[in-house]
Amino acid sequence: MQPVLNVEDVRKVEQDLTLEGVSLAELMRRAGHAVAQEVLDLGNLGPVVVLCGTGNNGGDGWVAAELMAKAGAQVEVMTPVEPESLKSPLALMVAQSAVNAGVPFFVAPSRDELDAHLAQAAVVVDALLGTGFHGEPAAPFDIWIDAVNASGAHVVAVDVPSGLSAQTGHAPGGAVFADTTVTMICLKPGLLSGRGRDVCGAIVLAPLAEQAERLVVEADPVAWRCDTADYLETLREPTADVDKYSRGSVLVVGGSTRFPGAAVMAAMAAARSGAGYVTLVVPDRIATVCRTHLLEIPVVGLPTNEEGMFSAGARTEIVKMAEQRSCVLCGPGMGVCADTVSVVSSLLECDVPLVLDADALNALSRMTTNRLDNFPELIRREAPLVLTPHRRELGRLVGQPGEPPSSLTAALEAARRIVWADGGSDICVVAKGESTGCVGVEIALLPKPGPACLATAGSGDVLGGIMAALLARGVVENDVLPLVCAFACEVHGFAANLAAEAHGSRGVMASDLIGNLGLALDAMEEQVSLAVAGVSPEEGE
Ligand SMILES: NC(=O)C1=CN([C@@H]2O[C@H](COP(=O)(O)OP(=O)(O)OC[C@H]3O[C@@H](n4cnc5c(N)ncnc54)[C@H](OP(=O)(O)O)[C@@H]3O)[C@@H](O)[C@H]2O)[C@@H](O)CC1
Ligand SMILES: Nc1ncnc2c1ncn2[C@@H]1O[C@H](COP(=O)(O)OP(=O)(O)O)[C@@H](O)[C@H]1O
Ligand SMILES: [K+]
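Analysis parameters
Residues numbered from 1 in each chain as written. Chains lettered and ligands numbered in written order. Predicted model: local features only at pLDDT ≥ 70, side-chain atom pairs only at ≥ 80, totals over all residues. Heavy atoms only, no water. UniProt positions renumbered as here; feature names shortened; annotations may be inferred. Donors = N, O, S within 2.8 Å, 3.2 Å for Na, K, Ca; no water. Tetrahedral: all angles 85-135°; square planar, octahedral: opposite > 155°, others 65-115°. Helix = DSSP H or I, 4+ residues; strand = E, 2+ residues; numbered from the N terminus. Buried < 20%, exposed > 50% of the residue type's maximum accessible area, 1.4 Å probe, protein only. Near = heavy atom within 4 Å. Polar contact = N/O pair within 3.5 Å; in protein donor to acceptor, adjacent residues only side chain to side chain. Nonpolar A, V, L, I, M, F, W, Y, C, P; charged D, E, K, R; others polar. Areas by Shrake-Rupley, 256 points an atom, 1.4 Å probe, with all protein chains shown as cover. Contact = heavy atoms within 4.5 Å. Patch = residues over 30% accessible without salt bridge, like charges linked within 9 Å, V, L, I, M, F, W, Y side chains within 5 Å. Salt bridge = Lys/Arg side-chain N within 4 Å of Asp/Glu carboxyl O. Lys, Arg positive; Asp, Glu negative; His and termini not counted. Charge placed at Lys NZ, Arg CZ, Asp CG, Glu CD. Pairing = 2+ DSSP bridges. Axes fitted to C-alpha atoms, helices over the stretch in contact; angles between N-to-C directions. Expected span 1.5 Å × (residues − 1). Parallel < 35°, antiparallel > 145°, perpendicular 65-115°, else oblique. Left-handed = near helix turned anticlockwise from the far one by under 90°. Domains from an automatic or database assignment. Buried area = accessible area lost by both parts, 1.4 Å probe.

- Going by an unreviewed UniProt entry, the protein carries the name Bifunctional NAD(P)H-hydrate repair enzyme and comes from Granulimonas faecalis.
- For the record of the protein, the UniProt heading Subunit (unreviewed entry) holds the text "Homotetramer."

As structure tokens, this is what we get:
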């Protein structure tokens with residue numbers, strides 16, 4: 001697992017390092033060295049253009065330029081101001097050093113001049129804006145960013161691609177598209193979320209100091225990015241000594257006359273994710289249509305109310321069935337009304353692992369007038385509870401109905417409000433989005449995000465089915481719950497990649513994921529075993 005720190009905490013680590021004897025100047029020297037090494041390792045270099053901003057990110061660029069020049073590379077620096085008028089004392093010092101070493105530089109080139117230099121460049125080092133960036137890139141950086149992206153050169157970004165917020169992953173005025181980002185000390189959330197997923201390219205971590213790893217952990221990471229090998233704990237010993245019940249029995253509760261398909265897909269996803277026995281319970285008015293789509297999965301119809309949702313009379317029977325299953329998934333397509341709200345509150349009282357998705361979450365919002373974090377007793381229970389809100393659902397759960405969390409870290413914070421209010425019981429909030437965080441009481445995990453084709457209606461229902469099947473396999477301890485949830489997210493993403501091979505990157509529908517889940521599970525398990533054995537997936541082929 002790799003720790004991810006908020007930008008303000010990275011600054012704290014920087015300060016802690018200076019207290020432990022590694023000066024800022026030394027850190028900048030090492031940062032520049034890491035960047036230079038990355039470029040030199042590309043081998044067989046043509047001209048390198050280093051774009052330096054006015055802060056310490058630019059300072060890293062000047063250090064790299066000097067080191068590359070000394071290693072024999074043909075290097076030139078572009079700077080918006082004369083090196084001697086840089087305001088940051090550190091950047092001023094390293095820029096003077098590079099100038100004294102004879103590194104050629106150009107001050108405030110016009111767009112045409114810049115284009116001419118970039119056209120000759122084999123590699124561009126982007127050292128314009130780093131963690132000190134805020135707002136939108138101002139002139140001339142907005143133009144320079146545009147020029148870099150138009151150049152077609154190989155781009156190595158220093159710390160963070162310029163224009164991208166390392167904290168939020170937002171890039172409102174556009175950002176450099178990097179092939180590689182050499183990031184200092186540790187991962188930052190903006191690199192892994194929002195536009196960061198598009199613009200960072202391969203992320204190379206430069207720890208800069210041997211104390212960094214310890215100090216980063218002490219700085220209380222906002223989340224941890226999962227490595228494939230971490231999932232070892234979620235795997236089950238393969239055995240033939242099973243029957244359909246011991247493989248996990250799942251009850252899916254959902255559907256309404258308006259949305260019968262969501263519940264059908266969730267049930268199929270649970271069956272394709274290894275559950276041996278799945279039952280679907282829906283309002284009886286849609287039971288027949290559900291049965292026509294499900295050959296293997298029994299469909300139980302219970303009384304329907306005037307709104308086409310479960311009526312109050314359904315609740316007792318649902319609870320009775322729930323108590324006989326190894327996991328219950330409630331919510332897909334269910335609709336929200338007083339009767340479905342009572343179904344959710346009764347299921348919360350059952351001693352069975354429970355996944356609440358979609359309208360079950362909206363029911364929770366309704367029950368708590370959008371403040372679940374103020375009603376922890378509602379979700380305090382012995383058996384595991386997984387909530388899988390997307391950002392709008394999450395906003396509704398924590399008092400921001402019209403204002404969903406706008407970044408990964410905002411989503412993690414909202415999820416934490418729920419988990420920490422609950423305090424200590426077996427709960428995980430899977431805050432879904434273009435990057436997803438699985439937030440437990442002790443830790444927040446970031447599974448590798450799936451492809452963008454997952455942004456399609458119904459894909460969350462499929463994820464709910466996977467989650468339920470994995471929880472149904474047996475006891476999941478509190479400390480592994482976020483890991484199991486993260487694994488489910490990666491299986492979801494893997495299935496999406498397989499589906500995209502068959503249907504194209506834009507053609508995938510949620511139902512296409514389902515048929516690929518079994519293969520995705522096998523492939524993920526194999527990748528985990530290979531990773532644990534230290535074999536890369538390519539070598540394993
Ligand atoms: N973490 C570490 O341990 C280490 C960090 N190191 C490096 O330091 C970097 C952080 O340096 P930093 O704090 O000086 O900020 P940086 O990113 O250079 O930007 C500040 C400059 O940009 C400007 N500016 C801001 N917004 C702007 C906008 N919208 N449009 C235009 N301009 C804008 C801002 O202007 P101002 O806001 O002051 O007017 C100021 O001049 C970090 O990313 C890493 O590379 C390594 O050297 C050593 C180890
Ligand atoms: N751009 C994206 N890249 C990767 N995954 C995404 C992206 N957008 C959404 N997802 C994933 O797709 C799923 C969508 O779930 P949800 O919003 O609940 O869909 P629905 O309610 O239509 O079923 C979540 O798992 C989410 O993390
Ligand atoms: K940069």
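**Looking at the coordination of the potassium ion (ligand 3)**
Then step 1. For the potassium ion (ligand 3), the full set of protein donor atoms is Asn 57 (OD1), Asp 126 (O), Leu 129 (O), Val 158 (O), Val 160 (O) and Ser 162 (OG), and the range of their distances to it is 2.6 to 3.0 Å.
Then step 2. Metal-centred angles of 70 to 173° between the 6 donor atoms at the potassium ion (ligand 3) mark the site as irregular.
Then step 3. When the donors of the potassium ion (ligand 3) are listed by position in the chain, the intervening gaps give N-x68-D-x2-L-x28-V-x1-V-x1-S. Placement of the pair is Asp 126 in strand 5 (residues 123-127) and Val 160 in the loop between strand 6 (154-158) and strand 7 (180-184), with a sequence separation of 34 residues.
Then step 4. Relative accessible area serves as the criterion here: at 0%, Asp 126 is assigned to the buried category.

**A look at the site of ligand 1**
Then step 1. Close to ligand 1 lie 22 residues, the nearest being Glu 14, Asp 60, Gly 130, Glu 136 and Asp 159.
Then step 2. In this structure, His 134 approaches ligand 1 through a main-chain N or O atom, which is 2.7 Å from a nitrogen atom.
Then step 3. Per-element tally for the shell around ligand 1: the top contributor is helix 3 (residues 56-70), with 3 residues.
Then step 4. Split into classes, the residues belonging to the shell around ligand 1 amount to 10 nonpolar, 8 polar and 4 charged.

**Remarks on the site of ligand 2**
Then step 1. Looking at ligand 2, there are 19 residues lining it, with Lys 432, Gly 433, Gly 458, Ser 459 and Gly 460 nearest.
Then step 2. Within the backbone of Gly 433, an N or O atom sits 2.8 Å from an oxygen atom of ligand 2.
Then step 3. A distance of 2.8 Å separates an oxygen atom of ligand 2 from a polar backbone atom of Gly 458.
Then step 4. In the complex, 79% of the free accessible area of ligand 2, which totals 580 Å², lies under the protein chains.
Then step 5. Sorting elements by how many residues they give to the shell around ligand 2 places helix 17 (residues 459-471) first, with 4 residues.
Then step 6. Looking at the shell around ligand 2 residue by residue, the classes come out as 6 nonpolar, 9 polar and 4 charged.

**Structural notes on the UniProt feature "binding site: K(+)" (unreviewed entry) in the protein**
Then step 1. UniProt's entry tags Asn 57, Asp 126 and Ser 162 with the feature "binding site: K(+)" (unreviewed entry), counted in the numbering of this structure. A maximum C-alpha distance of 9.5 Å places the annotated residues, which cover 106 residues in sequence, within one compact spot.
Then step 2. Examined against the element boundaries, Asn 57 turns out to sit in helix 3.
Then step 3. In this structure Asp 126 touches Leu 51, Asn 57, Val 155, Val 156, Ala 157, Val 158, Val 160, Pro 161, Ser 162 and Val 176, once residues within four positions along its chain are discounted.

**Some details on a negative patch on the surface**
Then step 1. The grouping of Glu 233, Glu 442, Glu 477 and Asp 479 at the surface amounts to a negative patch.
Then step 2. Mapped onto the elements, Glu 477 comes out in the loop between helix 17 and helix 18 (481-503).

**Comments concerning the side chain of Thr 304**
Then step 1. By the secondary structure assignment, Thr 304 is in the loop between strand 12 (299-302) and helix 12 (315-322).
Then step 2. By relative accessible area, which is 18% here, Thr 304 ends up buried.
Then step 3. Polar side-chain contacts of Thr 304 include one of 2.5 Å to the side chain of Asp 284.
Then step 4. Beyond its immediate chain neighbours, meaning those up to four positions away, Thr 304 contacts Pro 283, Asp 284, Arg 285, Met 309 and Ser 311.

**Concerning the sheet that holds strand 13 (residues 327-330)**
Then step 1. The strand order across the open sheet formed by 11 strands is 1-9-18-17-16-15-14-13-10-11-12, and the pairing between neighbours is mixed. Every other strand in the sheet has two partners, leaving strand 1 (2-4) and strand 12 as the edge strands with one partner each. Neighbour to neighbour, the strand axes of the sheet diverge by 20° on average, direction disregarded.
Then step 2. Alignment of strand 9 (residues 223-225) against strand 18 (residues 444-446), held across 2 bridges, turns out to be parallel. Within strand 18, the residue paired with Trp 224 across the bridge is Leu 445.
Then step 3. The sheet contacts of helix 13 (residues 338-348) involve strand 10 (249-253), strand 13, strand 14 (354-356) and strand 15 (385-387), and relative to strand 14 the element is tilted by about 150°.

**Comments concerning helix 3**
Then step 1. Over its 15 residues, helix 3 runs 21 Å from end to end, which matches the ideal 21 Å to within 8%, given 1.5 Å per residue.
Then step 2. Counting buried positions along helix 3 yields 11 of 15 residues, so the element is predominantly enclosed.
Then step 3. At the C-terminal side of helix 3, Gly 72 shows a positive phi close to 100°.

**Notes on the side chain of Glu 490**
Then step 1. Of note, Glu 490 is situated in helix 18.
Then step 2. The buried charged residue Glu 490 lacks any salt bridge, with Lys 448 as its nearest oppositely charged partner at 4.6 Å.
Then step 3. Excluding residues that lie within four positions of it along the chain, Glu 490 makes contacts with Cys 226, Tyr 231, Pro 447, Lys 448 and Met 524.

**A word on the packing of helix 12 against helix 13**
Then step 1. For the pair helix 12 and helix 13, the least separation of the axes is 10 Å and the interaxial angle reads 30°. On the basis of the axis angle, helix 12 is roughly parallel to helix 13. The element helix 12 and its partner helix 13 pack so that their crossing is right-handed. Contact residues: helix 12 offers Arg 315, Ile 318, Val 319 and Ala 322, while helix 13 offers Ser 342, Val 343, Ser 346 and Leu 347.
Then step 2. Here the contact of helix 12 with helix 13 is built from residues that sort into 5 nonpolar, 2 polar and 1 charged.

**Some details on the packing of helix 13 against helix 14 (residues 358-367)**
Then step 1. Two numbers describe how helix 13 lies on helix 14: the axes approach to 9 Å, and their chain directions differ by 95°. Of the possible angle classes, the one that applies to helix 13 and helix 14 is roughly perpendicular. Mapping the contact onto sequence places Ala 338, Val 341, Val 344, Ser 345 and Leu 348 in helix 13 and Ala 360, Ala 363, Leu 364, Arg 366 and Met 367 in helix 14.

**Details of the domain arrangement of the protein**
Then step 1. For the protein, the assigned domains read domain 1 (2-221) and domain 2 (229-233 + 241-536).
Then step 2. Each of domain 1 and domain 2 has a C-alpha centre, and the two are 41 Å apart.
Then step 3. Counting residues at the interface gives 10 residues for domain 1, matched by 10 residues for domain 2.
Then step 4. Counting each side, the surface lost to burial between domain 1 and domain 2 is near 710 Å², with a carbon and sulfur contribution of 54%.
Then step 5. Looking only at domain 1, the three residues that lose the most surface to domain 2 are His 170, Ser 193 and Arg 197, adding up to 50% of its buried area.
Then step 6. Counting across the domain 1 and domain 2 interface gives 0 salt bridges.
Then step 7. Counting across the domain 1 and domain 2 interface gives 4 residue pairs in polar contact (both at pLDDT 80 or more).
Then step 8. Per-class residue counts for the side of domain 1 that touches domain 2 are 3 nonpolar, 6 polar and 1 charged.

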